[in-house]
Every structure is written in structure tokens, then in C-alpha cells.
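Overview (structure and organization)
The residues making up each chain are set out below.
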Amino acid sequence: MLRDITIGQYYQTESVLHKMDPRVKLGGTLLYIISLFLIKNFVGYIIAALFLGIVIKLSKVPFKFMIKGMKTIILLLMITVLFNLFLTPGEELVTVWKLTITVEGLRSAVSMAIRLTLLIIGSSVMTLTTTPNNLTDGMEKMMRPLKVIKVPVHEVAMMMSIALRFIPILLEETDKIMKAQIARGADFESGNLLKRAKAMVPLLVPLFISAFRRANDLAMAMEARCYRGGDGRTKMKPLCYQKRDYIAYICILLYLAVGITVGRILF
Amino acid sequence: MGIIKTKNVVYEYIRRDEDGNVEGITKAVDDVNLDINQGDFIAILGHNGSGKSTLAKHLNAILNPTEGTVWVDGMDTNDESQLWNIRQTAGMVFQNPDNQIIGQVVEEDVGFGPENIGVPTKEIWERVEESLRAVGMYQFRKHSPNKLSGGQKQRVSIAGVLAMHPKCIVLDEPTAMLDPNGRKEVIRAIRGLNDVEGVTVILITHYMEEIIHADKVFVMDQGKIAMEGTPREIFSQVEKLKNLRLDVPQITLLAYELQKKGILLPDGILTIKEFIQALHL
Amino acid sequence: MSLILDHVNYVYGDDTPLAVKALDDICLTIPDGQFIGIIGHTGSGKSTLMQHLNGLLKASDGSIYFNGEDIYDKDYDMKKLRSKVGLVFQYPEHQLFEVDVFTDVCFGPKNLGLDQREVELRAYDALRKVGLPDELFYQSPFDLSGGQKRRVAIAGVLAMKPEVLILDEPTAGLDPRGRDEILGQIKKLQTETGMTILLVSHSMEDVAEYVDRIIVMNKGKVMYDDEPKKVFRHYKELEEVGLAAPQVTYIMHALKEKGLNVDVDATTIEEATRQIYKALTE
């Protein structure tokens, strides 16, 4: 069950998107998300969806794999849609019991659903095609100017990449501890909220202990390999823009121009 | 002086009770003297809690001795200014393969050490390639470490240390969490480093069959060196090893049992071949 | 009274193209009171098999009967099964979580809904059975040595009074003496209580001395299922799948080849010593 989460996972294959500089992908994703909130009509959304479709095609990641990752956040999506549907004031469409659906509500619920879906798929395209290390490298380099105001850019990037490396390991561990406690008669599924929260103790205590032990081991291993912060480090895979990266930037800007013009002004 | 030398090394830690009061002092390492020559394959044996891992952490300045001195390639580990040179000279591989791999991709992990010591990009790639080839993991360079077997992960860890071009590698129970096949893989890789690359190896273990090829074996108990000698000399003392919570290979034990019954056999038989020869069959 | 597996199959990742058959048509009968070794290398399916026996994993196909009842029956009480078929995972000390040893061992029986007196009685009994000294009962489990922690964890399962005890690599990471102590303790448990024991292991040498029967798993199938000496006769086939017979087997074969009249079926050092001594002095 826990293994179904694909958000933040890397999908290994060879594609233009995989080779692209992480800064392009980071920047591109950011601009794409902004565009989703600037677009105000459905023609605009069609353009956004088309653009994303082309990008997915280029990434060579199976669409099915991406959709699988969506399952885990469908609940969040539903809640947002329902809130919009019932809580937007405006011209009344239908009233069921005490809940009123308005025209504006329907409109904003649908566009919210489209926006969120595109947003989630859009950002998962980035994580699926970029190794977490590469991603943090990109962030580190993009945020380097912040170092002047004493933001620990390298440290933050390193922490993120370590966290990402240990997520699958800790998920597996959770699964194992859970099974072991179930074998000792633990019940994680029935009872009220309080009882369930209490039932988590035999899972969480060992998990935390294990995480601390791992952290301790890892710190020692890093020190043994001469890690001493970002100063004086060289890079195995230094980031530098290629021709394809500039082309990608141009494509993104073109999309932005078309999308926003159509999505806000023309219709 | 050898590549690693320790003189009267003592390491104490203070045990405290729940309120933080001192309960007592434990000597995890007690008056240890070692002198290890460049290029040797050294095994340090001992039961769990014998102090062997604590000693190992002194050999690349993760721990500093309470008393006595440790020299790595002539550098005193108490000398802070030499810290990074010491760690580069004596690399370390730990027990749990999951907890020492930093990279998300095999090659990135192997590159981590060279990056830290400021090796230029082009040379990092050369070092990564040669290290991965040395442990037979080159074809896995693009893989995620999470998808590898325990033995493969441990070989990646070894490559990660090797890429820093150390003169000496200390391996702290690298096979304790592996299955028999993984153990064999790792031991083969370690022997290769020693034979082919001439790296000094210090292997800490409690598996007896892994030390047969060592040049010299130290057995630890209660923080002290309880025995030292060649594998044959060590394995000749079956009773003493058993008292130290250790074991001997089945063939050695069998020869020893027959000896006790009056069959004439030399001490410390290590292989089936030796056994058959000694029986004049 | 026994555990019966009837054509059990288990497939990982059913709906994906990467589906792996972790168990392939397993048929086994595990009668009461047997001490069984399950051997196989990593990925052979032995851990998957183990998790089926107390219902943690559900077979994709096939049935499992415990004491005559189908455990996949709708009305079957899984919780009861889990108390009757105790499962000790690899590195079980990683699941300890209570403030002291005794309370931790109480966790299992408490979950069974027993009254406090019975819970404590069982915990006490279980800790005695694994040979943990009394003075450690009220220490924090995290202050114990590795071997002691492992005993506590095993006691935690024993306190549920299972009829079948399954242990996954109970000696992993222990030193030779620690390994012998734990295995000796398990053997004692089996002879004294008549409990059925399944010992999952990588190592033939470890189990050869103790078990009545060895099940060799390979690629999700049962490759051999017989008494130890008969299984070790296939030492060449075992090698082909990345397993090995105990060194004694190789010694005996080598001696036989050189013309010494010994029985190649000897599996323990004791037997081998006797055999060789006899052959040499004849």
C-alpha cells in the first residue's frame, strides 16, 4: 500500500527531459503552476493540458505510472472541489437539503479540479524525470544568491537529498514493524480515533529509534568520507546549460505567452 | 613505522544512570598496541561487545583515545589539523549498507568522497569508474542503491571509499548483515583490493571463515588484544577461542576432535585439502 | 492438529507487467512438534512463505488449513491464528518499544484480551524460557546487549503461547557463541514444550545440528523437503542454486573419494568424528 506513492519518485529511462538541466525543469514547473492560476477560461486550460501532454510524451514515462501516483491524493482533490462547489456564493442553481450549488460554485469547482490535476501531474513530471540529487543540485545553484544573506543553501539542499534517499527505506521499515506488531496481536485498524492513535505507539517508537540510529550512522559515514559542508567541494556532475536547455526555456516562454493571452484576454 | 600504529590506546566512556549521575566507567579499549604494515591484510576478531568496533573507529579519527596515541601514516589522530588527511588515508566501511550510502544513484554515491576532498570533475569520473570496476559493480553504476542486494550495496560502499584513494581501508563488520552469498562477494572484493591494488585492509568480523586469508589476526576480548598471530596459529587454539565466544571452521574443529582421540594431526588445519594430506590418504 | 498448505501461490505486483511469482504452487504439511529448517537464499520466497502461515500475507491462490480449519474462511478469526502461529521477524529487537523489558513482553498477551494476572504470568514464563536473568526484567530494553534484546523480542512472541513458532534468521548478526546459545534455547523449547518450530535460515551449518526436517526453497518453489542428511546428498544441486551443504558433507565426500570407508551422510562434527575415527583405526 505504501509502495504505491509515486510522488517524488524517480522513473529511470532515457529521454530529452531526463537529460535536461534541473534548473530548467524547476523554473519551468514553477512558471507552469503560475500559468495555471492566471488562466481564467477553458480554452486556456485546453492549451495548458496540451502543453503538459506533449511534455509527458517527451518524458517517456508511462502515463499509467503517473496516474497511479494520483490515487493517493484524490481525497485532497475531492475535498477542495466540494468546498468550492458548495461554499461559493452566487446565482443559485440547485438546492439539496441545506446545501446550495451556485453557477459560480460549479464553475470554480470544475476549474479548481482541472488546475489541481494539472498542477500535480505537472510537478510529478519534474520529479519523475529528475533524480533527487540532481534536483537538489539545481535548487542549490538557483538559490545560491541567497547565500549572501546567510541562508544555508548547501545545507538545506543536502538535507533534502538525504531525506529523499531515506524515504523508501523508512517506508519499508514501517511496513516491517507494522507486520511484526500485528503478529504480536496489535490492531491498527479498529476502534475510535483515540484508540487508534494509542495503537500507533508500538509502531512509532521503534520507527523513531530506527530513524535516529540511521541518522547517527549516516553522519558518521559522511564524516568518514571527509564531508565538511559545502566549501571546497567539487561537483561530479556540475550544472551547465546546453543548447537543448535554451530551447526548452524558449518553449516554456512561448507557452506562457500563448496560454495567458488566450486564457485571460481573447475569450 | 607502519601505516597504522597504536601505542597504549585506552578508550573509556562514562556510564550514567537516568538522572545523569556517573554510574561507572567502562574501558571499551584497554591498552592496545598495534603496528600494521603497508599492504597487509589484517583481521580483528572478537565477540559482540569485545571492543573491536570501538577500536576500529580510532583508526580514522572518528573517536580519539582517552589515553595513548594512534598514528595513521605517521599522523597523530589527536592533531586536528591533520583530520581530513587522516580520513582520506584510512577509509572506513561500516556494518549497515543502507546507512552509509548517500547517493541516489550508484555512481553519484561513489563520487561523494572525491567531491568532498575537492577532486576536479574529470578526475572524479575516472576515479568512480576505476573504483566501481575494482569491486565489480561498474555495470550497476546507473542503478538506484535501493534496488541492489546487500552484498552489492556493500561493494558500492567499498568503491565509495576506494575512490578517495586511501592507503588503508578499515571495514567494521561489513558482512554481519549479509547472506552467505553476499558475504562471499564482499570478501572476494576485499581480497581483490588487497592483492591487486595493494591497499592495506583491516577487516573486523566475527565470521571465522573470512579470516583464513589474513596475514595476521588479532583477537579482542574485554577491550584487550587477547591473541595475535597467523590464522593457523590462532586456529590451533580451539579451546581458547571457544572461551572467547568464538568458533573455528568445521574442518579445524573436526581435526581437533580427532586429535583429542589420539589421531596424529598437525595443529590448526584450515582446509579440506590440508586435512586429507595430513591423514596421508 | 497441523498446518497444511494446499497449492499456495503468491504473486507480487499483480496488475503490473513486473508481476513476480514469489510462491509457486506450494504444498506442505507441517505436523505438530516438528523442528523444521527452511533454507533458501534471499529472494527464494522463504520469508513470503513464512508470512502466509499466520495470515499476514494472503495467497493469490490456494488454501491454508490450520488445525483443520481453512484460514481464508470468512468467519475465520485471524487474530486467533496469529496468537497460535507466532512469528519472530528478522532483527526482532527493532520492534521493542516499551519502557521496560517486562512490559514489552506483556504487549502480546495483553492484545489477546487476557486478564492482568494471566498476562504477567505468561510474560514471566516466556522470559524464563528464553533464559533472560531476572535482574534484567525491569531494565529498559534499549540498555541490553544485542543478544539479550533478541531474547526479549522472542519472549514477546512466546508469551502469546503459540503452538507453532516461526523464526526468521534468529541468529543474524550474533557472534558464534550468541548463535549457539539462541539455537540451543530454541531446541530446548521444542523438546520441553513440544512446540512446532520453523527456523528460516541461510545457513545449512546452523540448522543441520538441530532440525528434523529441511525444506529448501528456490525461486518460490519447494526444491527439497526431507531429513537433513537426505537433503545434503544433493549438495551439488544445492550449490547450483547458490546454497551449500555444511562443510562436514564436503569433508566426508572427499574422504570417501580417497578410499576411506566413511558414511557420507554424517551431518554433524560429532558424527563425523566418530565415523572417521572408526575408519582410521579399523
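**Quick word on the overall build of chain B**
- Across its full length, chain B carries ten helices and ten strands.
- A compact globule built from 281 residues should have a C-alpha radius of gyration of about 19 Å, and chain B, at 20 Å, falls within 12% of that.
- When its C-alpha atoms are laid out on the principal axes, chain B stretches across 65 × 50 × 40 Å.
- Taking all 281 residues of chain B together, 58% fall into the buried category.
- Sequence separation of 24 or more characterises 62% of the internal contacts of chain B that already satisfy a separation of 6 or more.
- Surface exposure of chain B reaches about 11100 Å², of which carbon and sulfur atoms provide 45%.
- Computed over 30 positive and 40 negative side-chain charges, the inter-centroid distance for chain B is 5 Å.

**Quick notes on the interface of chain C and chain A**
- Facing the 23 residues of chain C at the interface are 18 residues of chain A.
- Carbon and sulfur atoms make up 61% of the surface buried where chain C meets chain A, a total of about 1800 Å² over both sides.
- If you sort the residues of chain C by the area they bury against chain A, His94(C), Gln95(C) and Phe97(C) come out on top, with a joint share of 31%.
- Inspection of the chain C/chain A interface yields one salt bridge.

**As for the packing of aromatic side chains**
- Within this structure, the stated rule accounts for 13 aromatic pairs over all chains.
- Measuring from centroid to centroid gives 5.6 Å for Tyr32(A) and Tyr255(A), while their planes differ by 35°, and the two rings are tilted. Taken together, the residues Tyr32(A) in helix α2 (residues 22–38) and Tyr255(A) in helix α11 (residues 243–266) connect sequence positions 223 residues apart.
- Residue classification places Tyr32(A) among the buried positions, given a relative accessible area of 6%.
- A relative accessible area of 6% places Tyr255(A) in the buried class.
- Seen in terms of ring centroids, Phe97(C) and Phe107(C) are 5.0 Å apart; in terms of plane orientation they differ by 85°. Their pairing is edge-to-face. With Phe97(C) in the loop between β6 (85–88) and α3 (101–111) and Phe107(C) in helix α3, this pair connects stretches of sequence that are ten residues apart.
- Judged by relative accessible area, which is 9%, Phe97(C) ranks as buried.
- Since its relative accessible area comes to 13%, Phe107(C) is described here as buried.
- An aromatic cluster of three or more residues is present, and its members are Phe102(C), Tyr124(C), Phe137(C) and Tyr138(C).
- Of note, Arg141(B) hangs over the ring of Tyr138(B), and the distance from its end group to the ring centre comes to 4.2 Å.

**Some thoughts on the packing of helix α5 (residues 146–158) of chain C against helix α6 (residues 176–193) of chain C**
Residues and elements named next belong to chain C.
- Look at α5 against α6: their axes get within 12 Å of each other, and the N-to-C directions meet at 20°. Classified by the angle their axes make, α5 and α6 are roughly parallel. As α5 runs across α6, the sense of the crossing is right-handed. The segment α5 lies against α6, with Arg-150, Arg-151, Ile-154 and Leu-158 engaging Glu-181, Ile-182, Gln-185 and Leu-189.
- Classifying every residue of the contact of α5 with α6 by side-chain character gives four nonpolar, one polar and three charged.

**With respect to the pattern of salt bridges**
- Per the counting criterion, the structure on display carries 41 salt bridges over all chains.
- Residue Lys235(A) is joined to Asp137(A) by a salt bridge in which the shortest nitrogen-to-oxygen separation is 3.2 Å. Within this pair, whereas Lys235(A) is found in the loop between α10 (201–224) and α11, its partner Asp137(A) is found in helix α7 (residues 132–142), the two being separated by 98 residues in sequence.
- The class for Lys235(A) is partly exposed, based on a relative accessible area of 24%.
- Among the salt bridges present, the one from Glu181(C) reaches Arg245(B), with a minimum N-O distance of 3.8 Å. In this pair, Glu181(C) is assigned in helix α6 and Arg245(B) in the loop between α8 (238–243) and α9 (250–260), connecting two distinct chains.

**A short note on the sheet that holds strand β1 (residues 4–16) of chain B**
Residue and element names in this part refer to chain B.
- Spatially, the four strands line up as an open sheet ordered β2-β1-β4-β5, and their pairing is antiparallel. Every other strand in the sheet has two partners, leaving β2 (22–36) and β5 (75–76) as the edge strands with one partner each.
- Looking at chain direction, strand β4 (residues 67–72) and β5 are connected through two bridges and run antiparallel. Within β5, the residue paired with Val-72 across the bridge is Met-75.

**Topic: the domain arrangement of chain A**
Residues and elements named next belong to chain A.
- As far as domains go, chain A holds domain 1 (1–130 + 240–267) and domain 2 (131–236).
- Each partner contributes to the interface: domain 1 provides eleven residues, whereas domain 2 provides eleven residues.
- Interface of domain 1 and domain 2: buried area, both sides summed, is about 1100 Å²; carbon and sulfur atoms make up 75% of it.
- Applying the counting criterion to the domain 1 and domain 2 interface returns zero salt bridges.
- Between the two partners, domain 1 and domain 2, sit zero residue pairs in polar contact (both at pLDDT 80 or more).
- For the side of domain 1 that touches domain 2, the secondary structure elements donating two or more residues are α2 and α6 (103–129).
- Partitioning the side of domain 1 that touches domain 2 into residue classes produces five nonpolar, four polar and two charged.

**Examining the packing of helix α8 (residues 153–183) of chain A against α10(A)**
Residues and elements named next belong to chain A.
- Contact geometry of α8 with α10 gives a least axis separation of 10 Å together with a crossing angle of 140°. Helix-helix and strand crossings are classified by hand; for α8 and α10 the assignment is right-handed. Across from Met-158, Ile-162, Phe-166, Ile-169, Leu-170, Glu-173, Thr-174, Ile-177, Met-178 and Gln-181 in α8, the residues of α10 making contact are Pro-202, Leu-203, Pro-206, Leu-207, Ser-210, Ala-211, Arg-213, Arg-214, Leu-218 and Met-222.
- Residues that form the contact of α8 with α10 fall into these classes: 14 nonpolar, three polar and three charged.

**Structural notes on the environment of Ile169(A)**
- Residue position: Ile169(A) is located in helix α8.
- Sequence separation between Ile169(A) and Ala211(A) is 42 residues; the distance between their C-alpha atoms is 9.8 Å.

**Quick notes on the nonpolar core**
- By size, the foremost hydrophobic cluster in this structure holds 75 residues, and its most contacted members are Ile190(B), Val219(B), Leu241(B), Leu265(B), Phe275(B), Leu255(C) and Ile276(C).
- Setting aside chain neighbours within four positions, we find Leu241(B) in contact with Met208(B), Val219(B), Met227(B), Ile234(B), Phe235(B), Leu246(B), Asp247(B) and Val248(B).

**Brief notes about α2(A)**
- For α2(A), which comprises 17 residues, the first-to-last C-alpha distance of 24 Å matches the rise-based estimate of 24 Å (1.5 Å per residue) to within 8%.
- Of the residues flanking the start of α2(A), the one acting as N-cap is Asp21(A), its side-chain oxygen 2.8 Å from the backbone nitrogen of Arg23(A).

**Here's the deal with a nonpolar patch on the surface**
Residue and element names in this part refer to chain A.
- Together, Phe-42, Leu-93, Val-94, Val-103, Leu-106 and Val-110 give the surface a local cluster of nonpolar side chains, amounting to about 450 Å² of exposed area.
- For the nonpolar patch, the secondary structure elements donating two or more residues are β1 (92–96) and α6.
- Inspection of the secondary structure puts Val-103 in helix α6.

**Quick look at the sheet that holds strand β2 (residues 20–31) of chain C**
All names here are of chain C.
- The antiparallel open sheet is built from four strands, whose spatial order is β2-β1-β4-β5. Across the chains shown, the open sheet's two edge strands, defined by having one partner strand only, are β2 and β5 (69–70).
- In the sheet, strand β1 (residues 2–12) pairs with β2 via eight bridges, with the strands oriented antiparallel. Across the sheet, the residue bridging to Leu-5 is Leu-28, located in β2.
- Strands β1, β2 and β4 (61–66) of the sheet are contacted by helix α1 (residues 46–53), whose axis makes an angle of about 125° with β1.

**Focus: α3(C)**
- Taken across its eleven residues, α3(C) has eight buried, putting it largely inside the fold.
- Contacts from the buried residues of α3(C) go to α8 and α10 of chain A together with α4 (116–129) and α5 of chain C.
- You can read the cap of α3(C) off the contacts: a side-chain oxygen lies 3.0 Å from the backbone nitrogen of Phe102(C), and it is on Asp100(C).

**Regarding the pairing of β1(C)**
- In this sheet, β4(C) lies alongside β1(C) in antiparallel orientation, the contact comprising five bridges. Residue pairing in the sheet places Leu5(C) in a bridge with Ile64(C) of β4(C).

Cut-offs used in this document
- Residues numbered from 1 in each chain as written.
- Chains lettered and ligands numbered in written order.
- Predicted model: local features only at pLDDT ≥ 70, side-chain atom pairs only at ≥ 80, totals over all residues.
- Heavy atoms only, no water.
- Helix = DSSP H or I, 4+ residues; strand = E, 2+ residues; numbered from the N terminus.
- Rg over C-alpha atoms; globule rule 2.2 N^0.38 Å.
- Buried < 20%, exposed > 50% of the residue type's maximum accessible area, 1.4 Å probe, protein only.
- Contact = heavy atoms within 4.5 Å.
- Areas by Shrake-Rupley, 256 points an atom, 1.4 Å probe, with all protein chains shown as cover.
- Lys, Arg positive; Asp, Glu negative; His and termini not counted.
- Charge placed at Lys NZ, Arg CZ, Asp CG, Glu CD.
- Buried area = accessible area lost by both parts, 1.4 Å probe.
- Salt bridge = Lys/Arg side-chain N within 4 Å of Asp/Glu carboxyl O.
- Phe/Tyr/Trp six-rings, centres within 6.5 Å; stacked < 30°, edge-to-face > 60°.
- Lys NZ or Arg CZ within 6 Å of the ring centre and 35° of its normal.
- Axes fitted to C-alpha atoms, helices over the stretch in contact; angles between N-to-C directions.
- Parallel < 35°, antiparallel > 145°, perpendicular 65-115°, else oblique.
- Left-handed = near helix turned anticlockwise from the far one by under 90°.
- Nonpolar A, V, L, I, M, F, W, Y, C, P; charged D, E, K, R; others polar.
- Pairing = 2+ DSSP bridges.
- Domains from an automatic or database assignment.
- Polar contact = N/O pair within 3.5 Å; in protein donor to acceptor, adjacent residues only side chain to side chain.
- Core = buried A, V, L, I, M, F, W, Y, C linked by side-chain atoms within 4.5 Å.
- Expected span 1.5 Å × (residues − 1).
- Patch = residues over 30% accessible without salt bridge, like charges linked within 9 Å, V, L, I, M, F, W, Y side chains within 5 Å.

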